[in-house]
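Residue-level listing of the chains:
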Amino acid sequence: QDIDTPQDYEMQKPWKASIIYLLRLFTYYAIFIAMMIRSFIAIEIPGLIQEAIFRLTADIRQEYPTPFIRWVPVQNIHLTLKFLGDVPLQSLEILAQSLVLEFKQLEPFSNPFSETGVFPNAKKPRIIWIGFKYLQELVDLKNIIETTSSKLGYQTEERSFSPHITLGRVGE
């Protein structure tokens, strides 16, 4: 017999109902803790800049509509600093707390856009992007994230850091 509410337990022996109820609560808690979330660490781009990027790319968006290019929705435009993959919620909380402590030493900075381009190359584009000028503060931020996350068991990024905002993804 299924037991889904406290009233359902009244029909069971009190001790048996309590054990079943607790087991169900522990199961729900375990599922919640084990929940995997596709995660990354990013700098949120202010809304005014997101809108400006959207306006500046309006012509190309019209010329190459979805599904040929899957354009990133304007509200999702961001600068990814580290892709984490599927991570348990509890692990993300620990990483976030560690990063907050590290970030306290950093000063705010701004970084102008420098160019547009595609990855991996113009002959076979997969990603359309806007890049940034080299800025030591941005590299320092990336290094802090890599060091802190690797101490907590996250894989270190092997590719060189190429700060950019993804505007769209070509093809499937």
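Cut-offs applied
- Residues numbered from 1 in each chain as written.
- Predicted model: local features only at pLDDT ≥ 70, side-chain atom pairs only at ≥ 80, totals over all residues.
- Heavy atoms only, no water.
- 1 Å grid on protein atoms, 1.4 Å probe; cavity = no way out; pocket = protein on both sides within 12 Å on 5 of 7 lines; lining within 4 Å.
- Points joined across faces, edges and corners; volume = space filled by probe spheres on them.
- Helix = DSSP H or I, 4+ residues; strand = E, 2+ residues; numbered from the N terminus.
- Nonpolar A, V, L, I, M, F, W, Y, C, P; charged D, E, K, R; others polar.
- Buried < 20%, exposed > 50% of the residue type's maximum accessible area, 1.4 Å probe, protein only.
- Pairing = 2+ DSSP bridges.
- Polar contact = N/O pair within 3.5 Å; in protein donor to acceptor, adjacent residues only side chain to side chain.
- Contact = heavy atoms within 4.5 Å.
- Core = buried A, V, L, I, M, F, W, Y, C linked by side-chain atoms within 4.5 Å.
- Axes fitted to C-alpha atoms, helices over the stretch in contact; angles between N-to-C directions.
- Expected span 1.5 Å × (residues − 1).
- pLDDT = per-residue confidence, 0-100.
- Patch = residues over 30% accessible without salt bridge, like charges linked within 9 Å, V, L, I, M, F, W, Y side chains within 5 Å.
- Areas by Shrake-Rupley, 256 points an atom, 1.4 Å probe, with all protein chains shown as cover.
- Salt bridge = Lys/Arg side-chain N within 4 Å of Asp/Glu carboxyl O.

Enquirer: Looking at this structure, I do not really get the layout of surface pockets. What am I missing?
Expert: Leftover empty space is mapped by rolling, across the atoms, a probe with the size of a water molecule. Taken as a whole, the largest pocket holds about 840 Å³ of empty space. Surrounding the largest pocket, 29 residues form its lining, Thr80, Phe83, Glu157, Arg159 and His164 being those nearest its centre. Considering each element in turn, the lining of the largest pocket owes the most residues, 7 residues, to strand 3 (residues 78–88). Of the residues assigned to the lining of the largest pocket, the class counts are 13 nonpolar, 9 polar and 7 charged.

Enquirer: Would you mind showing me how to read the pairing of strand 6 (residues 164–170) here?
Expert: Two faces make up the sheet, and in a regular strand the side chains alternate between them. Within strand 6, 6 of the 7 residues are buried, which leaves it mostly tucked inside the rest of the structure. Where strand 2 (residues 69–71) and strand 6 come together, 3 bridges link them in antiparallel fashion. From the neighbouring strand, arginine 70 faces strand 6, where its bridge partner is arginine 169. Here strand 5 (residues 125–132) pairs with strand 6 via 5 bridges, running antiparallel. Looking at strand 6, one finds that tryptophan 129 is bridged to threonine 166.

Enquirer: Can you help me understand the side chain of histidine 164 in this one?
Expert: Mapping histidine 164 onto the fold places it in strand 6. Among the polar contacts listed, one links the side chain of histidine 164 to the backbone oxygen of serine 162, at a separation of 2.7 Å. Residue contacts for histidine 164: discarding those within four places in its chain leaves His78, Leu79, Thr80, Phe119, Trp129, Ile130, Gly131 and Phe132.

Enquirer: Explain the nonpolar core here, please?
Expert: The tendency in soluble globular proteins is for nonpolar side chains to be buried side by side. Membership of the largest hydrophobic core comes to 26 residues, with the highest contact counts inside it found for Ile77, Leu84, Ile165 and Leu167. Of all the secondary-structure elements, those providing two or more residues to this core are strand 2, strand 3, helix 5 (89–103), strand 5, helix 6 (136–151) and strand 6. When residues of this core are assigned to their parent elements, the largest contribution, 4 residues, is made by strand 3. Excluding residues that lie within four positions of it along the chain, isoleucine 165 makes contacts with Ile45, Ile53, Ile77, His78, Leu79, Phe113, Ile128, Trp129, Ile130 and Phe132.

Enquirer: Can you walk me through the sheet that holds strand 4 (residues 113–120) in this structure?
Expert: Paired through their backbone hydrogen bonds, the strands of a sheet run either parallel or antiparallel. Strand order in this open sheet of 4 strands is 2-6-5-4, and the pairing throughout is antiparallel. Two strands bound the open sheet, and with one partner strand each, they are strand 2 and strand 4. Across the sheet, the mean angle from the axis of one strand to that of its neighbour is 25 degrees, orientation sign disregarded. Here 7 bridges tie strand 4 to strand 5, and the two strands are oriented antiparallel to one another. When the bridges of strand 5 are listed, glycine 117 appears paired with tryptophan 129.

Enquirer: Help me understand helix 6 in this model?
Expert: Along an α-helix, residues three or four apart share an orientation, since each turn contains 3.6 residues. For helix 6, spanning 16 residues, the distance from its first C-alpha to its last is 23 Å, which sits close to the expected 22 Å at 1.5 Å a residue. Residues Leu138, Leu141, Lys142, Ile144, Ile145, Glu146, Thr148 and Ser149 constitute the buried set of helix 6. As for helix 6, its buried residues are in contact with strand 1 (36–44), strand 3 and helix 5. Looking one or two residues past helix 6, glycine 153 carries a phi angle of roughly 95 degrees, positive in sign.

Enquirer: Whenever I open this one, the confidence of the model for the chain confuses me. Can you help?
Expert: On average, residues of the chain score 82 in pLDDT, and 80% of them are at 70 or above. When pLDDT is averaged over each helix and strand of the chain, the minimum, 46, is found for helix 1 (residues 6–9) and the maximum, 94, for strand 6. The model gives residues 3–18 a pLDDT under 50, and that stretch makes 13 contacts with residues more than four places away or in other chains.

Enquirer: Looking at this structure, I do not really get a nonpolar patch on the surface. What am I missing?
Expert: Taken together, the side chains of Ile60, Tyr64 and Phe68 present a nonpolar region at the surface, about 270 Å² in accessible area. Tracing the backbone shows tyrosine 64 in the loop between helix 4 (58–63) and strand 2. On the accessibility criterion, tyrosine 64 (34% relative accessible area) is partly exposed.

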